[in-house]
Amino acid sequence: MPDKPSLDGIEAKWVDVWDESGVYHFDRTASRPDVYSIDTPPPTVSGSLHIGHVFSYTHTDIVARFQRMRGKSVFYPMGWDDNGLPTERRVQNYYGVRCDPSIPYDPAFEPPAKPDPKRQVPISRRNFIELCDILTVEDEKVFESIWRRLGLSVDWRHTYATIDDNSRAAAQRSFLRNLARGEAYMAEAPTLWDVTYRTAVAQAELEDRERPSAYHTLAFHRPDGSDVTIETTRPELLAACVALVAHPDDERYQDLFGATVRTPLFGVEVPVKAHRLADPDKGSGIAMICTFGDTTDVTWWRELQLATRPVIGWDGRIVAEPPAGVDSAPAKEAYAALAGATVHTARERTVELLRASGELLGEPRPITHPVKFYERGEKPLEIVTTRQWYIRNGGRDTAVRDELVQRGRELNWRPKHMQVRYENWVEGLNSDWLISRQRFFGVPFPVWYPLGADGNPRYDAPIVPEESALPVDPGSEAPAGYTEEQRGAPGGFTGDPDVMDTWATSSLSPQIAGGWERDDDLFARVFPMDLRPQGQDIIRTWLFATVVRSHFEHGSLPWSNAAISGWILDPDRKKMSKSKGNVVTPLDLLERYSSDAIRYWAASGRLGTDTALDEGQMKVGRRLAIKILNASKFALSVAGEHTGPDAAAVTEPLDRAMLAALADTVEDATAAIADYDHTRALERVERFFWNFCDDYLELVKARAYEADSARGASARTALLIALSALHRLFAPFLPFTADEAWSWWHEGSVHGAAWPAADELRTAAQDGGPAVLAATAEVLRAVRKAKSEAKLSMRADIERVVVRGKHIDDARLAADDIAAAGRVARLDFDASDDADLHVEVTLPAAAE
RNA sequence: GGGCGUGUAGCUCAGUUGGUCAGAGCACUCGGCUUACAACCGAGCGGUCGGAGGUUCGAGUCCUCUCGCGCCCA
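The rules behind these values
- Residues numbered from 1 in each chain as written.
- Chains lettered and ligands numbered in written order.
- Predicted model: local features only at pLDDT ≥ 70, side-chain atom pairs only at ≥ 80, totals over all residues.
- Heavy atoms only, no water.
- Helix = DSSP H or I, 4+ residues; strand = E, 2+ residues; numbered from the N terminus.
- Buried < 20%, exposed > 50% of the residue type's maximum accessible area, 1.4 Å probe, protein only.
- Areas by Shrake-Rupley, 256 points an atom, 1.4 Å probe, with all protein chains shown as cover.
- Near = heavy atom within 4 Å.
- Polar contact = N/O pair within 3.5 Å; in protein donor to acceptor, adjacent residues only side chain to side chain.
- Nonpolar A, V, L, I, M, F, W, Y, C, P; charged D, E, K, R; others polar.
- Pairing = 2+ DSSP bridges.
- Axes fitted to C-alpha atoms, helices over the stretch in contact; angles between N-to-C directions.
- Contact = heavy atoms within 4.5 Å.
- Salt bridge = Lys/Arg side-chain N within 4 Å of Asp/Glu carboxyl O.
- Parallel < 35°, antiparallel > 145°, perpendicular 65-115°, else oblique.
- Left-handed = near helix turned anticlockwise from the far one by under 90°.
- Core = buried A, V, L, I, M, F, W, Y, C linked by side-chain atoms within 4.5 Å.
- pLDDT = per-residue confidence, 0-100.
- Expected span 1.5 Å × (residues − 1).
- Arc of directions from axis to C-beta.

1. Brief notes about the overall build of chain A
1) Next: The helix and strand tally for chain A stands at 25 helices and 29 strands.
2) Next: For the C-alpha atoms alone, the extent of chain A along its principal axes is close to 115 × 65 × 55 Å.
3) Next: For chain A, buried positions account for 55% of its 848 residues.
4) Next: Entry remark: accessible area of chain A is about 35,500 Å², with carbon and sulfur atoms responsible for 48%.

2. Let's talk about the protein's contact with RNA strand B
1) Next: Around RNA strand B, the surrounding shell holds 40 residues, and the nearest of these are Arg 540, Arg 623, Arg 680, Lys 791 and Arg 795.
2) Next: Atoms of RNA strand B within 4 Å of the protein belong to the sugar or the phosphate in 68% of instances, the rest to bases.
3) Next: Between RNA strand B and the protein, one listed contact pairs a base oxygen with a side-chain N or O atom of Arg 684 at 3.3 Å.
4) Next: A distance of 3.4 Å is found between a phosphate oxygen of RNA strand B and a side-chain nitrogen or oxygen belonging to Lys 785.
5) Next: Mapped by element, the contributors of at least two residues to the surface near RNA strand B are α10 (418–427), α17 (615–639), α19 (678–704) and α23 (771–789).
6) Next: In terms of residue count, the dominant contributor to the surface near RNA strand B is α17 (nine residues).
7) Next: Of the residues in the surface near RNA strand B, the class split is 12 nonpolar, five polar and 23 charged.

3. Quick notes on the sheet that holds strand β29 (residues 838–842)
1) Next: Pairing is mixed across the open sheet formed by three strands, whose spatial order is β28-β27-β29. The open sheet has two free edges, formed respectively by β28 (824–830) and β29, since each of these has just one partner strand. Averaged over all pairs of adjacent strands, the angle between their axes in this sheet comes to 15°, without regard to strand direction.
2) Next: Where strand β27 (residues 798–804) meets β29, five bridges bridge the pair, whose relative direction is antiparallel. By the bridge assignment for β29, Val 802 is matched with Glu 840.
3) Next: Taken strand by strand, α23 contacts β27 and β29, and its axis lies near 40° from that of β29.
4) Next: Of the strands in this sheet, β27 and β28 are in contact with helix α25 (residues 815–822), which crosses β28 at around 140°.

4. Details of the pattern of salt bridges
1) Next: Across all of its chains, the model carries 63 salt bridges by this definition.
2) Next: Notably, a salt bridge pairs Glu 615 with Arg 592, separated by 2.6 Å at the nearest N-O pair. Taken as a pair, Glu 615 in helix α17 and Arg 592 in helix α15 (residues 586–593) lie far apart in primary sequence, 23 residues in all.
3) Next: Assessed through its relative accessible area of 40%, Arg 592 is described here as partly exposed.
4) Next: The network of salt bridges with common partners includes Arg 173, Arg 177, Arg 181, Glu 183, Glu 467, Glu 517 and Glu 553.

5. A few points about the packing of helix α20 (residues 710–730) against helix α21 (residues 735–743)
1) Next: Running from amino to carboxyl end, α20 crosses α21 at an angle of 155°, the nearest separation of the two axes being 8 Å. Between α20 and α21, the angle is such that the two are roughly antiparallel. In this structure, α20 meets α21 at a crossing whose hand is left-handed. Two secondary-structure elements touch here, α20 through Ser 724, His 727, Arg 728 and Phe 730 and α21 through Pro 735, Ala 738, Ala 741 and Trp 742.
2) Next: Along the lines of polarity and charge, the residues of the contact of α20 with α21 split into five nonpolar, two polar and one charged.

6. Some remarks on the nonpolar core
1) Next: Counting residues in hydrophobic clusters, the biggest one holds 78 residues, and the most contacted among them are Leu 659 and Phe 692.
2) Next: Looking at this core, the element that brings in the most residues is α19, giving 13 residues.
3) Next: Those residues in contact with Phe 692 that sit more than four places away from it in its chain are Met 658, Leu 697, Leu 719, Ala 722 and Leu 726.
4) Next: Of all hydrophobic cores here, the second largest spans 68 residues; its members include Phe 26, Val 195, Leu 429 and Ile 539.

7. As for the sheet that holds strand β23 (residues 529–535)
1) Next: If you walk across this open sheet you meet the three strands as β17-β24-β23, and the pairing is parallel. Lying at the two open borders of the sheet, with one neighbouring strand each, are β17 (412–414) and β23. Neighbour to neighbour, the strand axes of the sheet diverge by 20° on average, direction disregarded.

8. Regarding the confidence of the model for chain A
1) Next: In the predicted model, chain A carries a mean pLDDT of 91, and 98% of its residues have values of at least 70.
2) Next: In the model output, the complex is listed with pTM 0.91 alongside ipTM 0.94.

9. A few points about helix α8 (residues 343–357)
1) Next: Over its 15 residues, α8 extends 21 Å from the first C-alpha to the last, a length consistent with the 21 Å expected when each residue adds 1.5 Å.
2) Next: Buried within α8 are the following residues: Val 343, Ala 346, Thr 350, Val 351 and Leu 354. Angular distribution of buried residues about the axis of α8 spans 140°; they occupy a single face of the element. Facing away from the buried side of α8 by over 90 degrees, the exposed positions are His 344 and Ala 356.
3) Next: The secondary structure elements touched by the buried residues of α8 are β9 (206–221), α7 (329–338), β15 (360–374) and β16 (382–391).
4) Next: Looking one or two places after α8, you find Gly 358, whose phi comes out positive at around 80°.

10. Section: the pairing of β9
1) Next: Where β9 and β15 come together, 12 bridges link them in antiparallel fashion. Pairing of Asp 208 across the sheet is with Lys 372, part of β15.
2) Next: Judged from the six bridges that link them, β9 and strand β10 (residues 227–232) form a sheet pairing that is antiparallel. Following the sheet pairing, His 216 is matched in β10 by Thr 232.
3) Next: Two successive antiparallel strands, β9 and β10, enclose a turn made up of five residues, where Gly 225 displays a positive phi of approximately 95°.

11. Focus: α21
1) Next: Counting buried residues along α21, eight of its nine residues qualify, which places the element largely inside the surrounding structure.
2) Next: Among the residues of α21, those classed as buried are Pro 735, Phe 736, Thr 737, Ala 738, Asp 739, Glu 740, Ala 741 and Trp 742.
3) Next: Considering only its buried residues, α21 is in contact with α1 (10–21), α2 (51–69), α4 (125–150), α16 (595–603), α17 and α20.

12. Remarks on the side chain of Asp 250
1) Next: Position of Asp 250 among the secondary structure elements: in the loop between β11 (241–246) and β12 (260–262).
2) Next: A relative accessible area of 6% places Asp 250 in the buried class.
3) Next: A polar contact is formed between the side chain of Asp 250 and the side chain of Arg 252, at a distance of 2.8 Å.

13. Comments concerning the packing of α16 against α17
1) Next: At a closest axis distance of 7 Å, the pairing of α16 and α17 adopts a crossing angle of 125°. One element, α16, and the other, α17, form an angle in the oblique class. In this structure, α16 meets α17 at a crossing whose hand is right-handed. Every residue of α17 that contacts α16 at Ala 597, Ile 598, Tyr 600 and Trp 601 is listed here: Gln 617, Met 618, Val 620, Gly 621, Arg 622 and Leu 624.
2) Next: For the contact of α16 with α17, a count of residues per class yields seven nonpolar, two polar and one charged.

14. Remarks on the environment of Ala 489
1) Next: Structurally, Ala 489 is set in the loop between β20 (448–450) and β21 (493–495).
2) Next: Relative accessible area serves as the criterion here: at 25%, Ala 489 is assigned to the partly exposed category.
3) Next: Taking the C-alpha atoms as reference points, Ala 489 and Ala 660, 171 residues apart in sequence, are found 83 Å from one another.

Spelled out as structure tokens, the structure:
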């Protein structure tokens, strides 16, 4: 026990001790009922770790430590999400390279010595992936060291990365099973498309952003030579127009339904259709349908069975060849002016052409409206018809949707209201889950296609590998029955060029971490898991996708509880995010206040509730940690360091009262933390502890020094019993401080000790109730107040104190302790007064 | 526009089924070097619980409307 307890260096010391002792190791001999398993969120290692991570991961660690002390074998793995676009972007910027799949592999490649992100060196796909692998390993080391310093009680023998062999095999295996059962399918269909990254994106990755635009009024021509006018924000898609549409009840257009009109500039004959989604109040009430301007166009195109005239290519530019129907010489001339242009330029040129032809009525009228973006993208999404892989998710199938809604209802949500967000999302789905991405650093689809004699792929007859061969890379491995020489040759094969969306892998995190189809014994002990902790922003993605995969593969939920953390707001209550530039990195705070202080702040934020970054709370946490060390040192120096005090020695009513109050605290805290209310648990423990220090320790100080009396032994024993429980109660919240203080008088870690039992404390308290302590503390407070108002030292002697009232008996039981703590010469009790409790203090004459 | 959450002391937040629930900490003021802790201790100041109605013997608490803020969806 040090002379001067301190938090300095406490993290480094205990991180090493815990690592060597293996106190956080999962005991895989435990059977499922004795296991508590956690589906830890794999952080995106290519991003920086910020204080929000520390916040939510601390919540999970509190639960893990509590369950461990409660006797569970805790399965607490850590994953790294390194698969996907964020890593590609980081590698591009870090090394100054970009992936060009057409370039052959260069085994001797060295990244540029002076990377220039603006002049990226094109490299082969394999070289690019090698760089991704190198950099993610480095990033993961940084994350791990911060997690250890924060005190996460992760079992570091159980880690995974979403791009490692096990993850790729699991993602491919699950996909093949989805495919075999008909839950995964390929389709060529209009797809939301990011033109910058040149990849398809899923509904869950969309976000609306307000963008300036303009309404353009265009004249279409009726057969009789008169005009019908429509309004559009996308005149550049005029060549892609396939119909006009108005609401079936709209009186203005009844005579046009079934007729055709000619488009401006291109003179294409298009039908006029009726559809309920046309809004009569918007513009002229009649709109042009293009293939494709937005998702409503897709709905119309599908339901009205319209022609297809695509004009936007994968690169976001107008394609070279005009679509079918743009046949006349003037039409081709107009189209040629647009071909190859970006959407932006094509719009300007179209407006010029329309103005020249007189088919633009009036001037464009500027507006602001929401436009769909890929959440990581910088340009508006286009809709391009492409061949993609999908997994059913209820978006086009009400039976599946109902099942998934039902799964959401089976889950124990903390807080409860988060379930609504899940349900709203599932019920609002309008398409299946698009999982293929035209990118590089991801899990490849384990699929090849035979090539016909004409060299074209037979998409209807995909070749799949045996599960035992996984993971496979169809881009470098040949399917069974073929040789590598047959790649790309007529009669040979070709590998599917796409990779899976990151969520298609991370949605299998319980299976990956739990050893699904790799370690059946482990999997049986941990799955379905107990807890999924995560942020509220990814309910629609990670949480939902994980439910979908488990529902199809296992017919069950992947976990029984979901703990949803809130946001971290900056001190001005703005959401912390990279784009706002108000992100705070944790290392500086961890160093300034100590890890336990940061954990204290995090623990004071409830699940699902946004919490402000509050250094004041960190200071409070630091103060609490230091106080625990000092109080422990004092109690142990007075009481001796006996780890197994004899509860029968607690004979004094005040001591029994304190233990009874502690038993209540344990009961409350246990119930709260078991119900994922760590905030309440901490508050209870903390409140007891401060009262313990301010009142009880002061009251028994003198008595505890009495070496040979039963009264002294009672105090010393009670101190040790309370201290032991307090160290254990604080252990989940302040693991460094708790283990430090615990180590002064115990072998082994507090984190391997049993969670305190209220029953044992009640047994020690015997007939005692908390009232004696409460009444005693009240008298002491009155004495202190009198001294304070007289501007006296707390050590000043008091001549006389009279305690009056009906309820003096409780306080009278600790009369000697009150007199000693208050330095009261004469302490009298008078039961004649009707008040509950009333204290009269007579100060020493010198002070009057 | 729809959904969810949230407004309590200058700040950060507790306030379980309506009945000592108007609280805690920080900040501030005053006092105290007290043998665990001055990085400490003691005391004090401070709010018509966002607003307006309603139910009730009684409303931060329940209902309705309304205002502010945050997030999600359209």
